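Results of the structural survey
Here are the chains, one letter per residue:
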Amino acid sequence: MAERQKLLEIKNLKQYFNVGKPNEVRAVDNVSFDIYKGEVMGLVGESGCGKSTTGRTIIRLYNATGGEVLYDGVNVHGKKSKKQLKDFNRKMQMIFQDPYASLNPRLKIADVIAEGIDIHGLAKTKQERMERVYELLETVGLNKEHANRYPHEFSGGQRQRIGIARALAVQPEFIIADEPISALDVSIQAQVVNLMKQLQKEKELTYLFIAHDLSMVKYISDRIGVMYFGKMVELAPAEELYKNPLHPYTQSLLSAIPSPDPISERTRKRKSYDPASHQYNENELVEFREVTPGHFVLCSEKEFKLYQAQVK
Amino acid sequence: MLNKDLTISKDMFEPAHVDPNKSEKIAKASLNFWQDSWLRIKKNKAAIVSMVILILLIIMAFVGPLLTPYGYSDQNTKHNNLPPRIQGLENVHWLPFDGTLSRRDGTEYNAYEVRKVDAYYWFGTDNLGRDLFARVWKGTQISLFIAFMAALIDMLIGVSYGAISGYVGGKTDSIMQRIIEVIVGIPNLIIVVLMILVLKPGIIPIIIALTITGWTSMARVVRAQVLKFKAQEFVLASKTLGASNFSIIFKHMIPNMFGIIIINTMFSIPNAIFFEAFLSFIGLGLQEPNASLGSLVNDGYKSMIAFPYQMIIPSIMIALIMVCFNLVADGLRDALDPKMRD
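None of the values given here were measured: they were computed from a predicted structure.

Side note on the overall build of chain A
Across its full length, chain A holds eleven helices and twelve strands. Expected size for 312 residues packed as a compact globule is a radius of gyration near 20 Å; at 21 Å, chain A falls within 12% of this value. The C-alpha extent of chain A, read off along each of the three principal axes, is 65 × 55 × 45 Å. Expressed as a percentage of the 312 residues in chain A, the buried residues total 39%. A separation threshold of at least 6 residues defines the contact pool for chain A, and within that pool the share at least 24 residues apart is 64%.

Structure, rendered in structure tokens:
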């Protein structure tokens, strides 16, 4: 992995809501990370910590309050011509959380999937359009006959696969998967995740995989970022993060995973995280620091030395 | 009662064969939204009966005036104030179509024989000798026309106003909503009366007067829906695909609101009919010789004691139209939007 190419650089991304009002929310606060071409970057954290907002801000569903997102070196945000926007829309796609809300109930599956094809003019004739739709349906493991049906006739897993087909219709390079499996039951989760893995290999996709199911994230991701209250607290390769969690919040999160073995489950100790435990001084600089190559932790200078000693 | 012979052995079982290609197959026939709604509304008898009655009334509103030899504005003062008489039914005494009237002392007489009129006025005539059968259907036609036009214009203005207000959001939304509140705050009747005073009474001024305040409820409903759909994931998905605002509103939002828009329109039609009847009744409506249901009731009630049929027939017509529209709208609400029931 010597020539890893940065596909996406996120620099000091900020997304505040209700700026300047008493109920200001800092959903994403100074988050920086890179996503390399062809990898799966996992993003975990508790509900409401800003994972989804990060994803949505990256894909321009929200206008960022500050910071920038560079895709292949080009800033995603800011004013753009229609053509630039369309090019960008083709490169980056999203898979949504709720399969019951992410398909328009009034459109046939063929029209749902073909929406991107229509917008970007990827098919010249009606026949070509339908052939693309059939091809996509087969890619995600559905039948041709499903093209003429309505979303309510499908199960959650099938709908999620239709959502994936819709995203694939414009042949994107980068897909943001916003908790794509959290609304599905466990047997279907595996089906969808395996489909995503297989597609990644076939089409050389890059994923930003947002989830709160830690075991699933570990299964699919190459690197994992942990978010807490709008801040990225730890970022490391998946194995490394599970073996050597450094930030107390990550440790707390990992200690919450139930173990399938009843004996070890009985002795599992739940660690709770208290942000006050850091006891940062006012003038201490709390930054994202690289403890070991590729392993970043949000910490102060003092903690940084402590963590480095720990790893050794 | 357990039968001991019925022991279950292994060889009685046979593995079921599941074709992996067919595991994703859906057997049920594919129904779109309208087919599905039709299935539901078919079960609602009141709505179906009302729908049939309404269709008959609408057909009669156009055909009715042509069925009698008398025009709706032809006056024949020699034949004024004649009670209803219908060929064939005139001999059935308990039906009110035998051409009899009662005097103040209670005695009955046949107005046609006494006045030596050899004609049949199915619904009778008014005090100027105009045929009420023709006038009632003409009135129904005009009332329905006014109501449909008012509802249609309400719908067009309300949907676009609400959609813009909800979709753009922010300050635009605030300002547009305050405007609606100001309009709602002024009593309806005052605006309408002033409108009619400024414009001359007639069909178009009544439609304008009805729509000038009527669209607000539609606008509010549509705005609420747009706000709901704006955050829905299928709208976000088409945004990420690069869909334009126009196609998001017209392809994704409005089709999902059809049910609510239709229901709202259906409920506003009887309101418009009633309001038009009310305006005509207080004398701000249509002018002679035009007729609407309200002006017919207004004419009839002046001689209510002597010639009750002149008021009763148009009143029944208003009541019938109102009840039927409400029942159909109710049925449509249940059929188009099953979640909204109750």
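So that's the structure; there's more coming.
Focus: the interface of chain B and chain A
Across the contact, 21 residues belong to chain B and 28 residues belong to chain A. Where the side of chain B that touches chain A is concerned, the elements lending two or more residues are α8 (233–240) and α9 (245–281) of chain B. Ranked by the residues each element gives to the side of chain B that touches chain A, the list is headed by α8 of chain B, at seven residues. Looking at the side of chain B that touches chain A residue by residue, the classes come out as eight nonpolar, eight polar and five charged.

As for the sheet that holds strand β1 (residues 6–17) of chain A
All names here are of chain A. If you trace the four strands from one edge of the open sheet to the other, you get β2-β1-β4-β5, paired in antiparallel fashion. Each edge of the open sheet is held by one strand with a lone partner, namely β2 (25–36) and β5 (74–75). As paired strands, β1 and strand β4 (residues 66–71) are joined by five bridges and run antiparallel to one another. Residue pairing across strands places Glu9 opposite Leu70, the latter belonging to β4.

Points about the nonpolar core
Formed by 150 residues in total, the largest nonpolar core has its most connected members in Ile113, Ala165, Ile175, Ala177, Leu208 and Phe209 of chain A together with Ala272 of chain B. Here this core gets 15 residues from one element, more than from any other, and that element is helix α4 (residues 132–168) of chain B. With near-sequence residues (within four places) excluded, Ala272 of chain B lies in contact with Ile146, Ala147, Ala150, Ala151 and Leu210 of chain B.

Overview of the confidence of the model for chain B
All names here are of chain B. Of all residues in chain B, 92% attain a pLDDT of 70 or more, and the chain-wide mean is 81. In the model of chain B, helix α3 (residues 111–114) stands out as the element of lowest mean pLDDT, 71, in contrast to helix α5 (residues 170–185), which has the highest, 90. Interface predicted TM-score (ipTM) for the complex: 0.85; the corresponding pTM is 0.80.

Thoughts on the pairing of strand β11 (residues 287–292) of chain A
Residue and element names in this part refer to chain A. In the sheet, β11 pairs with strand β12 (residues 295–299) via five bridges, with the strands oriented antiparallel. Residue pairing across strands places Arg289 opposite Val297, the latter belonging to β12. In this structure, the hairpin formed by β11 and β12 is closed by a connection of two residues, where Gly294 is found at a positive phi of approximately 85 degrees.

Overview of the environment of Arg106 of chain A
Considering the arrangement of structural elements, one finds Arg106 of chain A in the loop between β6 (92–95) and α3 (109–119). Residues Arg106 of chain A and His152 of chain A, spaced 46 residues apart in sequence, show a C-alpha to C-alpha distance of 9.4 Å. Once you skip the residues sitting within four places of it in the chain, Arg106 of chain A turns out to touch Phe33, Pro255 and Asn256 of chain B.

Structural notes on unusual backbone geometry
Residues and elements named next belong to chain A. One non-glycine residue, Arg60, adopts positive backbone phi at about 75 degrees. Following the sequence through the fold, Arg60 ends up in the loop between α1 (51–58) and β4. Positive phi outside glycine occurs at Phe229, with the angle close to 50 degrees. Here Phe229 lies in the loop between β9 (223–228) and β10 (231–237). A tally of 15 C-beta atoms within 10 Å means that Phe229 is categorised as partly exposed.

Conventions adopted
- Residues numbered from 1 in each chain as written.
- Chains lettered and ligands numbered in written order.
- Predicted model: local features only at pLDDT ≥ 70, side-chain atom pairs only at ≥ 80, totals over all residues.
- Helix = DSSP H or I, 4+ residues; strand = E, 2+ residues; numbered from the N terminus.
- Rg over C-alpha atoms; globule rule 2.2 N^0.38 Å.
- Buried ≥ 20, exposed ≤ 12 C-beta atoms within 10 Å, placed from the backbone.
- Contact = placed C-beta atoms within 7 Å.
- Nonpolar A, V, L, I, M, F, W, Y, C, P; charged D, E, K, R; others polar.
- Pairing = 2+ DSSP bridges.
- Core = buried A, V, L, I, M, F, W, Y, C linked by C-beta atoms within 7 Å.
- pLDDT = per-residue confidence, 0-100.

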